[in-house]
Amino acid sequence: MWCVYFLVCVLLPICVPVPETAVILWGTRQIGSLGAFFFGVIGSVLGLMIMYSLSSLIAHRISKGKKEKRQLAWLKQLTGRYRVWILGVLLIVPLVSDEVLCAGSAFLKIPLPQFLKIGIIAKSISIGMIAFSGFLGDLCGLRRWQMIAVELLFMFLASAVLQHFYKKGEAKLS
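Just so you know, these numbers come straight off a predicted model, no measurement behind them.

About the criteria used
Along each chain, numbering runs from 1 in the same order as the chain's sequence is written. In keeping with the model being predicted, local features are shown solely for residues with a pLDDT of at least 70 and side-chain atom pairs are shown and tallied solely at 80 or more, while totals for entire chains, interfaces and linings include all residues. Hydrogens and water molecules were not included; the side-chain quantities draw on all heavy atoms of the structure. Put plainly, a pocket is an open set of points on a 1 Å grid over the protein atoms alone with protein on both sides within 12 Å along at least five of seven lines, a cavity is a set where a 1.4 Å probe fits but cannot get out, and a lining residue has an atom within 4 Å of a point. Grid points are joined across faces, edges and corners, and a volume is the space filled by probe spheres set on the points. Only DSSP runs of H or I reaching four residues or more are called helices, and only runs of E reaching two or more are called strands; each is numbered from the N terminus. Three categories are distinguished: nonpolar for Ala, Val, Leu, Ile, Met, Phe, Trp, Tyr, Cys and Pro, charged for Asp, Glu, Lys and Arg, and polar for the others, with Gly belonging to the last. Within this document, salt bridges are pairs made up of a side-chain nitrogen of Lys or Arg and a carboxyl oxygen of Asp or Glu, the two lying within 4 Å of each other. Burial classes follow relative accessibility: with a 1.4 Å probe on protein chains only, a residue under 20% of its type's maximum area counts as buried, one over 50% as exposed, and anything between as partly exposed. Only rings of Phe, Tyr and Trp enter the pairing, Trp through its six-membered ring, and a pair is recorded when the two centres are within 6.5 Å. The plane angle decides the type: under 30 degrees is stacked, over 60 is edge-to-face, the rest tilted. Note on terminology: a nonpolar core comprises buried Ala, Val, Leu, Ile, Met, Phe, Trp, Tyr and Cys residues joined through side-chain atoms within 4.5 Å. Throughout, a contact is declared for two residues whenever any of their heavy atoms are within 4.5 Å. All axes here are fitted lines through C-alpha atoms, helices being fitted over the stretch that makes contact, and every angle between N-to-C directions spans 0 to 180 degrees. By definition in this entry, angles of less than 35 degrees are roughly parallel, angles greater than 145 are roughly antiparallel, angles of 65 to 115 are roughly perpendicular, and the rest are oblique. Should the near helix be turned anticlockwise from the far one by less than a right angle, the crossing is termed left-handed; should it be turned clockwise, right-handed.

### Considering the layout of surface pockets
Right, on to step 1. Considered as a void within the structure, the largest pocket measures approximately 830 Å³ in volume.
Right, on to step 2. Along its surface, the largest pocket is lined by 32 residues, and Thr21, Pro94, Ser126, Met129 and Ile130 are the ones closest to its centre.
Right, on to step 3. Of all the elements in the fold, those that place two or more residues in the lining of the largest pocket are helix 2 (20–31), helix 5 (83–92), helix 6 (98–107), helix 7 (112–140) and helix 8 (144–173).
Right, on to step 4. Taken together, the residues that form the lining of the largest pocket break down as 18 nonpolar, 6 polar and 8 charged.

### Some details on the pattern of salt bridges
Right, on to step 1. Taken as a whole and assessed by the stated rule, the structure comprises 2 salt bridges.
Right, on to step 2. Between glutamate 20 and lysine 123 there is a salt bridge; the shortest N-O distance is 2.7 Å. Residue glutamate 20 is found in helix 2, and its partner lysine 123 is found in helix 7; the two are separated by 103 residues along the sequence. Per residue, the accessibility class of glutamate 20 equals that of lysine 123, and both read buried.

### Notes on the environment of isoleucine 50
Right, on to step 1. As for its placement among the helices and strands, isoleucine 50 is situated in helix 3 (residues 33–62).
Right, on to step 2. Put simply, isoleucine 50 and proline 13 are 37 residues apart on the chain and 8.8 Å apart in space, counted from C-alpha to C-alpha.

### What to know about the packing of aromatic side chains
Right, on to step 1. Counted by the stated rule, this structure contains 6 aromatic pairs.
Right, on to step 2. Aromatic side chains tryptophan 2 and phenylalanine 39 sit 4.9 Å apart centroid to centroid with 20 degrees between the ring planes, which places their arrangement in the stacked category. Residue tryptophan 2 is located in helix 1 (residues 2–11), and its partner phenylalanine 39 is located in helix 3; the two are separated by 37 residues in the primary sequence.
Right, on to step 3. Arranged with centres 5.2 Å apart and planes meeting at 75 degrees, the rings of phenylalanine 38 and phenylalanine 39 form a pair that is edge-to-face.
Right, on to step 4. Every member of this aromatic cluster is reached through a ring pair, and the members are Trp2, Phe6, Phe38 and Phe39.

### Regarding the nonpolar core
Right, on to step 1. Core analysis: the biggest nonpolar cluster contains 36 residues, and Tyr5, Ile24, Leu87, Leu91, Ile92 and Phe115 have the highest contact counts within it.
Right, on to step 2. Counting residues per element, the ones that place at least two in this core are helix 1, helix 2, helix 3, helix 5, helix 6 and helix 7.
Right, on to step 3. Broken down by element, this core gets its largest block of residues, 11 residues, from helix 7.
Right, on to step 4. In this structure leucine 91 touches Leu48, Asp98, Leu101, Ile118, Gly119, Ala122, Lys123 and Ser126, once residues within four positions along its chain are discounted.

### Points about the packing of helix 2 against helix 7
Working note: a packed helix pair is described by the angle between its axes plus the distance between those axes.
Right, on to step 1. Axis separation between helix 2 and helix 7 bottoms out at 9 Å; the angle between their running directions is 55 degrees. Taken together, the axes of helix 2 and helix 7 lie oblique to each other. Handedness of the helix 2/helix 7 crossing: right-handed. Within the contact between the two elements, helix 2 uses Glu20, Thr21, Ile24, Leu25 and Thr28 and helix 7 uses Lys123, Ser126, Ile127, Ile130 and Ala131.
Right, on to step 2. Among the residues forming the contact of helix 2 with helix 7, the class breakdown is 5 nonpolar, 3 polar and 2 charged.

Shown next as C-alpha cells:
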C-alpha cells in the first residue's frame, strides 16, 4: 500500500487533481502517521522537482517573446524580494496548486536547489500537520480549534525559517 501512496504523492504536484489533505489522510489511515509523513514528504518533494524541471524547460521556450519577457519582469516586480517567502507559504497553505507554483518558480528563475530547500521545509510542515494532527491533538488534549491555532503558529515559524534561507541566498549573491 505504501507504494501506491508514494506514487500518488509523487504525481500530486504534477497531475493529480486531488487535494493534498485527502491524500495524506488516506495515507495516514493506510500506513500510519509516520509512514504517511515520511513517504508523503519524499514523494511530494520528488514530484515538485520533476514538475519544476518540466516547467523550466517549457518556461525557457515561452519566455523568448518580447511580450512574455515584459510579463515576467512585471511578475518579478510584483513578487519582489519576498517571492521565496511567498512561495513557501503557498506550498504550505493550499491556496494555489503545486503545479502552478512549480511553473511560477521556473518562470521567476528561482534556482532548483533553493526551490527544493523551500519545498522540503514547506512539505514537511504541511504534510506533518495533516499526518500528525489527530495524534498530537489527542496526546496534548487539545480541541480542534486549539490544534488549528498550533498549526497556524507552526506556519508562521516556517515563514520565518524560509525568510532566513532567503536572506542567506541574498547575502551569497551580494
